[in-house]
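Structural overview for review
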Amino acid sequence: MSKIKVNDLRSALELLESIPGQLIETDVEVHPHAQLSGVYRHVGAGGTVMRPTQEGPAMIFNKVTGHEDARVAIGVLASRKRVGYLLDEAPERLGHLLNKSVKNPVKPVVINQKDAKCQEVVHYATDPDFDIRKLVPAPTNTEEDAGPYITLGMCYASDPETKESDVTIHRLCLQSKDEISMYFVPGSRHLGVFREKAEAAGKPLPISISIGVDPAIEIASCFEPPTTPLGFNELEIAGAIRKEGVELTQCLTIDEKCIANAEYVIEGELLPGIRVREDQNTNTGKAMPEFPGYTGPANPEIPIIKVKAVTHRTNPIMQTCIGPSEEHVSMAGIPTEASILQMVEKAMPGKLLNVYCASSGGGKYMAVLQFCKKIPSDEGRQRQAALLAFSAFSELKLVVLVDEDVDPFDINDVVWAMNTRMQGDSGIVCIPGVRCHPLDPSNDPANSPSIRDHGIACKTIFDCTVPFDQKHRFQRAKFMDVDPSHWVPDMFKK
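In short, a report on the structure. For clarity, every value in this text was computed on a predicted model and none was experimentally measured.

Rules used in this analysis
Residues numbered from 1 in each chain as written. Predicted model: local features only at pLDDT ≥ 70, side-chain atom pairs only at ≥ 80, totals over all residues. Heavy atoms only, no water. Helix = DSSP H or I, 4+ residues; strand = E, 2+ residues; numbered from the N terminus. Contact = heavy atoms within 4.5 Å. Polar contact = N/O pair within 3.5 Å; in protein donor to acceptor, adjacent residues only side chain to side chain. 1 Å grid on protein atoms, 1.4 Å probe; cavity = no way out; pocket = protein on both sides within 12 Å on 5 of 7 lines; lining within 4 Å. Points joined across faces, edges and corners; volume = space filled by probe spheres on them. Nonpolar A, V, L, I, M, F, W, Y, C, P; charged D, E, K, R; others polar. Salt bridge = Lys/Arg side-chain N within 4 Å of Asp/Glu carboxyl O. Buried < 20%, exposed > 50% of the residue type's maximum accessible area, 1.4 Å probe, protein only. Core = buried A, V, L, I, M, F, W, Y, C linked by side-chain atoms within 4.5 Å. Patch = residues over 30% accessible without salt bridge, like charges linked within 9 Å, V, L, I, M, F, W, Y side chains within 5 Å. Areas by Shrake-Rupley, 256 points an atom, 1.4 Å probe, with all protein chains shown as cover. Lys, Arg positive; Asp, Glu negative; His and termini not counted. Charge placed at Lys NZ, Arg CZ, Asp CG, Glu CD.

**What about the environment of His96?**
- As for its placement among the helices and strands, His96 is situated in helix α4 (residues 94-103).
- It is 24 Å that separates the C-alpha atoms of His96 and Gln22, two residues lying 74 residues apart in sequence.
- Beyond its immediate chain neighbours, meaning those up to four positions away, His96 contacts Leu341, Leu353 and Asn354.
- Here Leu353 takes part through its backbone oxygen, which lies 3.2 Å from a polar atom of the side chain of His96.

**Things to note about the layout of surface pockets**
- Each pocket or cavity is described by its volume, and for the largest pocket that value is around 750 Å³.
- Residue lining of the largest pocket: 33 residues in total, with Val6, Ala240, Ile241, Arg242 and Lys243 positioned closest to the centre.
- Of all the secondary-structure elements, those providing two or more residues to the lining of the largest pocket are α3 (80-87), α4 and α8 (235-242).
- In terms of residue class, the lining of the largest pocket is built from 15 nonpolar, seven polar and eleven charged.

**Notes on the pattern of salt bridges**
- According to the stated counting rule, one finds 32 salt bridges in the structure shown.
- For the salt bridge of Lys5 with Glu244, the shortest nitrogen-to-oxygen distance reads 3.1 Å. With Lys5 in the segment before α1 (9-17) and Glu244 in the loop between α8 and β12 (247-250), this residue pair connects regions lying 239 residues apart in the sequence.
- A residue is classified by how much of its surface remains accessible, and Lys5, at 54% relative accessible area, is exposed.
- The shortest N-O distance in the salt bridge between Glu379 and Lys373 comes to 2.9 Å.

**Concerning the nonpolar core**
- Counting 54 residues, the largest nonpolar core has Leu13, Val76, Leu87, Leu98, Met154 and Ile217 as its most contacted members.
- In terms of residues, this core owes the most to one element, α1, which gives five residues.
- In this structure, Leu13 is in contact with Leu23, Ile60, Ala73, Val76 and Ile317, ignoring residues within four places of it in sequence.

**A word on a negative patch on the surface**
- A contiguous patch of negative charge on the surface is contributed by Glu14, Glu17, Glu25 and Asp27.
- Checked against the element boundaries, Asp27 lands in the loop between β1 (23-26) and α2 (35-43).

Below is the structure:
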């Protein structure tokens, strides 16, 4: 257990700094327009980013062009091992940790504004020189982006009818000095329901955007139904991870709360009935790189937030990520693993040992399920587990089933099982015509006659498990079990 208590971005960076190879800094000035992300692509982006890239340390840029008093941190969650350090859990047990946390939620607490670090410095939209583009060093991932994007903004709002609150992450593009566009994936986020209710009543929806927070909040905010149904505030999961409630405080200009120790908070209102073209300032036809590894198309009509104020800590640290990086895999994939574990455990206790939502699927499209067949009647249940995984997470496209002797986190081991334990005519199960995710360009009628609408896919099971009655034929070679640190201690330091 770490001696450094992590409860905000600064303590998270302090922890990483204490661990060799997990954090680097540079005093060389970098431009936020494409250059910053271009540098980090080589340092540690990983994920589905176009090669060459790699998994590497998180990075802090201390000098950012146009933002003299700010720094930018990137890649904080761009490594499963690093997420393990930050959440104080073994990397292969992170899905289990989140599953436990969902079951034992801890409610947020509200603190006095005078104690809220996020409001140390205040800028009102009525100030004559107010310009969010100058106040918040939001970068672009590429030179084609529709504009500067806030990629790790914790969007917090409340249901206009029930007053229940929720936090999620959305694609946020700075459009003008006091306007931000907000992209909603159809049907997948609670805030979308809140916005629709407010718009139907002809009223704006107050919303706060907290940037630079405890990594536990960033991970927890990516849970989706059915694990966290409408009315479930994901901040309660972060509270369970830390074993204390997330601290919120009242915003200054809107009737909403924000995360009290965030580096930045943007206060604003989602305006009813107003839409803008996402790329109105660049006309590139593109938004930003998304988790599948492609640049998403600019949305022709997208809701707008009218900014009322920006508050921040003294000498704030902007936190950002590259859209298709390993950071997205951590944030989207680990909650999905927890959701699948929870769903399958309810149906067949003790059979599903672990789940890995692989980097190659961006944390959303592909899951490897490690399944244990103990008795003859377990044969076939592995495929039932795959079907449950699809129902637990609608955006999942591929499920790979492996036995207990295969490491689901080692894709080479998974592909080995595919090569030596699966036959295509019997091990591949296709389920065509099922709703999946609109950001996968292959999920389109042009690609397959089974696809009737964009966003529909053929979900596929790859059953790489050994038939129960054939297990004796598939024993892996057994090596002597020794402690290698006796011979090569430097390689196996704990």
